[in-house]
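# Structure at a glance
Residues per chain, in single letters:
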Amino acid sequence: MGNKTMIVSALLPLLFSMVAILARAEDPYLFFTWNVTYGMLSPLGVPQQVILINGQFPGPNLNTTTNNNIVLNVFNNLDEPLLFTWSGIQQRKNSWQDGTPGTMCPILPGTNFTYRFQVKDQIGSFYYYPTLGFQKAAGGFGGLRVNSRLLIPVPFADPEDDYTVLIGDWYSRGHVELRKQLDSGKSLGKPNGVLMNGKRGTVGDDKEEPLFVMKPGKTYRYRICNVGMRNSLNFRIQGHNMKLVEIEGSHTQQALYDSLDIHLGQCYSVLVTADQEPKDYYMVASTRFTKYHLQATGRIRYANGNGITSLVLPESPVSWAWSLNQFRTFRWNLTASAARPNPQGSFHYGKINITRTIKLANTVATVDGKLCYAINGASHVDPATPLKLAEYYGIADKVFKYDTIADQPPADIDTNHKVTISPVVLNTTFRNFVEVIFENHEKGIQSWHVDGYSFFPVAIEVGSWTPARRANYNLLDTVSRYTIQVYPKSWAAILLTFDNCGMWNIRSESLERSYLGQQLYVSVLSPERSLRDEYNMPDYALKCGIVKDMPHPPPYSS
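Everything in this summary refers to the structure shown in the same document. (Residues numbered from 1 in each chain as written. Predicted model: local features only at pLDDT ≥ 70, side-chain atom pairs only at ≥ 80, totals over all residues. Heavy atoms only, no water.)

Moving on, we come to helix 3 (residues 320-327). All of the buried residues along helix 3 are Ser-323, Leu-324, Gln-326 and Phe-327. Buried residues along helix 3 cover an arc of 160 degrees about the axis, so they all sit on one side. Capping the start of helix 3 is the job of one residue whose side-chain oxygen sits 3.2 Å from the backbone nitrogen of Trp-322: Ser-319. (Buried < 20%, exposed > 50% of the residue type's maximum accessible area, 1.4 Å probe, protein only. Helix = DSSP H or I, 4+ residues; strand = E, 2+ residues; numbered from the N terminus. Arc of directions from axis to C-beta. Polar contact = N/O pair within 3.5 Å; in protein donor to acceptor, adjacent residues only side chain to side chain.)

As structure tokens, this is what we get:
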């Protein structure tokens, strides 16, 4: 007995040490509480109802680090259902938290819901926004950054500070009025202005406070995201060059730019050095590819500076050919580490065989006198039961049909304006390496987003895509990202591996277009129904539609 006691006593410190190590090994948790309300503000000088998060417009920045676990409790104090999506966050194995109406039931008015997700193996610049009922047109959006872990080297020195710049076009009417106009079948037309961090700015107003302050000689990081609804924007800083270092979660080869075209849904990260005369300088965000000109400005102030450098603002470039050429200058930093210690370039995407090609052509049509937007002749509508829940409960056939569109658009898509209105879900094979072609037959620029993944945009070119165009692909160092623009009468090709099980949204980043059907979902199922591939539906998940009163189905195996 005595020997056993001595052995146990000797082992106790070791056991406690092991427990401590395990406790430290778990990735940190960050806890947030959001109170979502309406408020009255005048972003364009006209009072209107906006959506506030904890009283803020735009909402608070989410400042996280790779592999942090996010626990975010949302209290919906609006008078309508609410969901948030985390644009660019891949939600590995966890589309249950993606915040789209195809994956989650809404948070009803007067209730709360706690999001639980991990920013797994990611770094970079992202943003969040509400996905239901055209609410993004009222606000509710904010920046989301994922910092690198301390042990992972970053290919530039730590900046003096880290700033978020949210730019986007804006309507002076409330989201309910805008939604009613779309529901009546009419386009919204020209926005009323552009905002920068919720303000339009006024050039020459001596009382205007700066958005940011820089110390002379110091270098700062600016994360710029286009959170707008309709227009690409050009961003520039008076008298300063911007060194591009990151696009949507990927370190880039570093190059200097005097302006950047930032298309809908995109986020760019630049370094700016305060190397000019100590004064105030203007940031400018202005519309691109439109007959009208809208802009927002915001001041950067040098600490102890004296006055405004000039009221003459830098001009925007004029053609989309310039924009296409700029895109072609962006290159992946092959030697930099991102979220993991291994270099980004160690993943040789250009050497993987393509197993499936999907060509998606965007069109606009009128159905029963109402405007709608489509992909390959189909316009998506959200059913009352989220697609993912219907699939998980084994009742998908009662809610939607798979593959209502083919992998190729109809040959007569430009002349046959017949459109099918239904849920659009593509069935895909787990871990297949897929080529997706976005083909734009229209006169305006498009911007596309893929949830759950980052992808490799290997080419953007004018005309129609054919297999022969693969000869022009960048198969070495294109920047891995989650949005891509498609210029008028042009196409863009992306490559990705469908290795993240779940139900994932592919959508136009034009809010009007996605609201009126220009989106679809991709179903990626675990063939073994294994927790290795996908998490079970959480016990706390909201239920609605025809699954509301159904018992949970059997869980996936370990």
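Let's pick the thread back up.
This next bit is on the sheet that holds strand 1 (residues 29-41). With mixed pairing, 4 strands are arranged side by side in an open sheet as 2-1-4-6. Every other strand in the sheet has two partners, leaving strand 2 (48-53) and strand 6 (112-118) as the edge strands with one partner each. The sheet shows a mean angle of 20 degrees between the axes of neighbouring strands, taken without regard to direction. Bridge analysis of strand 4 (residues 69-76) against strand 6 gives 7 bridges, and the strand direction is antiparallel. Residue pairing across strands places Asn-69 opposite Gln-118, the latter belonging to strand 6. (Pairing = 2+ DSSP bridges. Axes fitted to C-alpha atoms, helices over the stretch in contact; angles between N-to-C directions.)

Our focus in this paragraph is the sheet that holds strand 16 (residues 260-262). Spatially, 5 strands are ordered 11-19-18-13-16 in an open sheet, and the strand pairing comes out mixed. Both edges of this open sheet fall to strand 11 (212-214) and strand 16, since each of them pairs with a single strand only. Neighbour to neighbour, the strand axes of the sheet diverge by 25 degrees on average, direction disregarded. The pairing of strand 13 (residues 233-237) with strand 16 spans 3 bridges and is antiparallel. Among the inter-strand pairings, Asn-234 is bridged to a residue of strand 16, identified as Asp-261.

This part covers the pairing of strand 29 (residues 490-497). Regular strands place their side chains on alternate faces of the sheet. Of all 8 residues that make up strand 29, 7 are buried, and the element is covered over most of its length. For strand 25 (residues 433-440) and strand 29, the ladder comprises 8 bridges, and the chain directions are antiparallel. Bridging from a neighbouring strand, Val-436 pairs with Ile-494 of strand 29. Pairing between strand 27 (residues 456-462) and strand 29: 6 bridges, direction antiparallel. Bridge pairing in strand 29 places Glu-461 opposite Trp-491.

Turning our attention to the side chain of Ser-323. Along the chain, Ser-323 falls in helix 3. Separated by 2.8 Å, the side chains of Ser-323 and Asp-261 make a polar contact. A distance of 2.8 Å separates a polar atom in the side chain of Ser-323 from a polar atom in the side chain of Tyr-487. Non-local contacts of Ser-323, meaning those with residues more than four positions away in its chain, are made with Asp-261, His-263, Arg-288, Phe-289 and Tyr-487. (Contact = heavy atoms within 4.5 Å.)

Counting across every chain of the model gives 26 salt bridges. Arg-288 is paired through a salt bridge with Asp-261; the nearest N and O atoms lie 2.8 Å apart. You can see Arg-288 sitting in the loop between strand 18 (280-287) and strand 19 (295-302) and its partner Asp-261 sitting in strand 16, a full 27 residues away along the chain. Across the pair Lys-359 and Glu-439 runs a salt bridge whose closest N-O atoms are separated by 3.8 Å. With Lys-359 in strand 20 (residues 356-367) and Glu-439 in strand 25, this pair connects stretches of sequence that are 80 residues apart. Residues Lys-359 and Glu-439 agree in their burial class; the two are buried. In the salt-bridge network here, residues are joined through shared partners; they are Glu-208, Asp-280, Arg-299 and Arg-301. (Salt bridge = Lys/Arg side-chain N within 4 Å of Asp/Glu carboxyl O.)

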